[in-house]
Amino acid sequence: MATAAANLPRWPSALVRTVKSRTFARVLFPVVVFGGWTLMYYGLTSEIFPAPSRVLGFMWNELTLDTLARTNVYETFLLSLVRLFTGFAIAMVLGTAIGLAMGLSKSVDAFFHDWVMAVLAMPALVWALFAGLVLGFGSAGPVLVTAVTGIPFVIVNVREGVRNTPRELFDMATSFHVPRNRMTRHLLLPSLLPFFFAAVRYGFSIGWKGLVLAEVFASDRGAGWMIKFWYDAHRAYAVVGYALFFVVFALFLEKFVFDRIYERAFRWRPQAGAVEVVEAELGSDVRAEVADDEKLAGIES
């Protein structure tokens with residue numbers, strides 16, 4: 001009986017493990033989205049709502065340079081990326097400097113706090129319209145909007161990172177007469193690093209949204225302008241197609257850039273599995289020592 005039970009197929013358990021895996025969940029999400037999209041297309045009576053096949057066909061034509069617009073998708077995204085990284089670099093430099101100053105000085109924090117909160121609450125659309133009115137249709141407006149929308153997120157994250165640095169470590173370092181530059185390098189920066197990466201991710205994503213709005217209202221080229229171009233042409237499938245280009249780019253950036261940098265920057269941190277292994281090994285050693293002590297106690301008695 002035991003032999004027969006052992007020979008039974010184990011595919012149900014393997015299937016359950018596959019369904020519960022993270023890879024299956026990640027693959028299932030776009031399948032569900034496209035399935036719901038297809039049902040909506042056949043369920044709605046609107047003639048404007050695009051079919052998934054029409055959108056994917058448009059995206060393929062854009063990638064193969066079969067486009068009706070004056071610029072192709074590669075030129076469009078290259079220009080937008082240059083604007084994005086320029087504005088993002090400005091946001092990171094200014095935001096990090098102001099955030100460090102606010103975290104280290106209460107006077108500086110009081111000076112900037114209200115204005116940072118005001119800029120943080122300002123919609124990116126307002127900055128885009130203002131940039132279009134003042135700077136005209138060029139690259140200056142989108143770069144400015146990218147920087148202005150990203151700076152407050154960088155400031156807040158960096159400031160909180162400085163505030164969350166353990167004060168006891170600085171007191172101990174001061175008592176042992178550790179130089180300030182070594183304190184900054186070995187205490188402040190490691191504690192600040194997780195908040196800095198959060199600032200990079202939030203600042204980049206918010207700056208990207210601000211850039212698209214600025215290109216819609218304050219530019220005559222770029223990815224945002226292309227969405228407006230197809231919108232004015234009443235091509236809903238093209239608008240959705242360019243939106244999906246943004247999604248693909250964001251996923252690529254998150255998976256192959258930010259995640260890789262995060263893993264390399266935090267290699268010194270112990271992983272959860274490694275901690276459990278260490279605790280298990282330590283527990284076995286402790287149990288062995290206790291058993292030896294009990295044996296010795298029994299012999300002595």
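Residues numbered from 1 in each chain as written. Predicted model: local features only at pLDDT ≥ 70, side-chain atom pairs only at ≥ 80, totals over all residues. Heavy atoms only, no water.

Turning to the overall build of the chain, a few remarks are in order. A tally of regular secondary structure across the chain gives 13 helices and 0 strands. Relative to its 301 residues, the chain shows a buried fraction of 30%. Roughly 19,800 Å² of accessible area belongs to the chain as shown, and the carbon and sulfur atoms make up 68% of that amount. (Helix = DSSP H or I, 4+ residues; strand = E, 2+ residues; numbered from the N terminus. Buried < 20%, exposed > 50% of the residue type's maximum accessible area, 1.4 Å probe, protein only. Areas by Shrake-Rupley, 256 points an atom, 1.4 Å probe, with all protein chains shown as cover.)

It is at 7 Å that the axes of helix 8 (residues 140–163) and helix 10 (residues 180–217) come closest, and there the two elements cross at 155 degrees. It follows that helix 8 is roughly antiparallel to helix 10 by the angle criterion. For the pair helix 8 and helix 10, the sense of crossing is right-handed. A breakdown of the residues in the contact of helix 8 with helix 10 according to their chemical character gives 16 nonpolar, 10 polar and 2 charged. (Axes fitted to C-alpha atoms, helices over the stretch in contact; angles between N-to-C directions. Parallel < 35°, antiparallel > 145°, perpendicular 65-115°, else oblique. Left-handed = near helix turned anticlockwise from the far one by under 90°. Nonpolar A, V, L, I, M, F, W, Y, C, P; charged D, E, K, R; others polar.)

Bringing unusual backbone geometry into the picture now. Glycine aside, residues mostly have negative phi angles, and peptide bonds mostly take the trans form. Its identity is not glycine, yet H234 carries a phi of approximately 60 degrees, on the positive side. With respect to the helices and strands, H234 occurs in the loop between helix 11 (223–232) and helix 12 (236–265).

A word on the confidence of the model for the chain. Averaged over all residues, the pLDDT of the chain is 78; the fraction at 70 or higher stands at 84%. Here helix 13 (residues 272–300) is the element of the chain with the lowest mean pLDDT, 45, and helix 5 (residues 73–104) is the one with the highest, 89. Ignoring residues within four places in sequence, the model shows residues 272–287, a span with pLDDT below 50, making 1 contact including any to other chains. (pLDDT = per-residue confidence, 0-100. Contact = heavy atoms within 4.5 Å.)

Turning our eyes to something else, we now look at the side chain of R83. Along the chain, R83 turns up in helix 5. In this structure the side chain of R83 is engaged in a polar contact, spanning 3.2 Å, whose partner is the side chain of S139. For R83, the residues in contact, after removing those within four places along its chain, are G138, S139, P142, V143, L211, E215, S219, R221 and G222. (Polar contact = N/O pair within 3.5 Å; in protein donor to acceptor, adjacent residues only side chain to side chain.)

Right, let's talk about the nonpolar core for a bit. Ranked by internal contacts, the top residues of the largest apolar core, which has 37 residues, are F58, F77, W208, W230, Y242 and F246. Elements that contribute at least two residues to this core include exactly helix 4 (52–63), helix 5, helix 8, helix 9 (167–175), helix 10, helix 11 and helix 12. In terms of residues, this core owes the most to one element, helix 10, which gives 9 residues. Ignoring any residue separated from it by four or fewer positions in sequence, one finds W208 in contact with F77, L81, L84, F246 and F249. The next biggest cluster of nonpolar side chains, apart from the first, holds 5 residues, and it includes M102, V116, I151 and I155. (Core = buried A, V, L, I, M, F, W, Y, C linked by side-chain atoms within 4.5 Å.)

So, on to the packing of aromatic side chains. Under the definition given, this model contains 17 aromatic pairs. For the ring pair F58 and W230, a centre distance of 5.3 Å and an interplane angle of 85 degrees mean the geometry is edge-to-face. Placement of F58 in helix 4 and of W230 in helix 11 is noted, with a sequence separation of 172 residues between them. Under the relative-accessibility criterion, F58 is labelled buried at 7%. The exposure class assigned to W230 is buried, which follows from its relative accessible area of 4%. Ring centres 6.2 Å apart and planes at 50 degrees place the aromatic pair F58 and Y242 in the tilted group. You can see F58 sitting in helix 4 and its partner Y242 sitting in helix 12, a full 184 residues away along the chain. There is no split in this pair, since F58 and Y242 are both buried. (Phe/Tyr/Trp six-rings, centres within 6.5 Å; stacked < 30°, edge-to-face > 60°.)

A few words on the pattern of salt bridges. Pairing of side chains with opposite charge becomes possible as their charged atoms draw close. This model, assessed by the stated rule, comprises 6 salt bridges. Note that E215 and R83 form a salt bridge whose closest N and O atoms lie 3.1 Å from each other. Here the residue E215 occupies a position in helix 10, and R83 occupies one in helix 5, the gap between them amounting to 132 residues. In this structure, D109 and R163 form a salt bridge, with 3.0 Å as the shortest nitrogen-oxygen distance. With a gap of 54 residues between them, D109 in helix 6 (residues 106–121) and R163 in helix 8 connect regions that are remote in the sequence. A residue is classified by how much of its surface remains accessible, and R163, at 43% relative accessible area, is partly exposed. What you see here is one network of salt bridges that share partners, running through D109, R159, E160 and R163. (Salt bridge = Lys/Arg side-chain N within 4 Å of Asp/Glu carboxyl O.)

For the rest of this paragraph, the subject is helix 7 (residues 124–135). The end-to-end C-alpha separation of helix 7 is 16 Å, in line with the 16 Å expected for 12 residues at 1.5 Å each. Buried within helix 7 we find A124, A128, A131 and G132. Buried residues of helix 7, seen end-on, are gathered within an arc of 100 degrees and therefore sit on one face of the element. In helix 7, the exposed positions angled more than 90 degrees off the buried face are occupied by L133 and V134. Structurally, helix 7 contributes buried residues whose contacts are with helix 8 and helix 10. Just downstream of helix 7, G136 is the residue with a positive phi angle, here 80 degrees. (Expected span 1.5 Å × (residues − 1). Arc of directions from axis to C-beta.)

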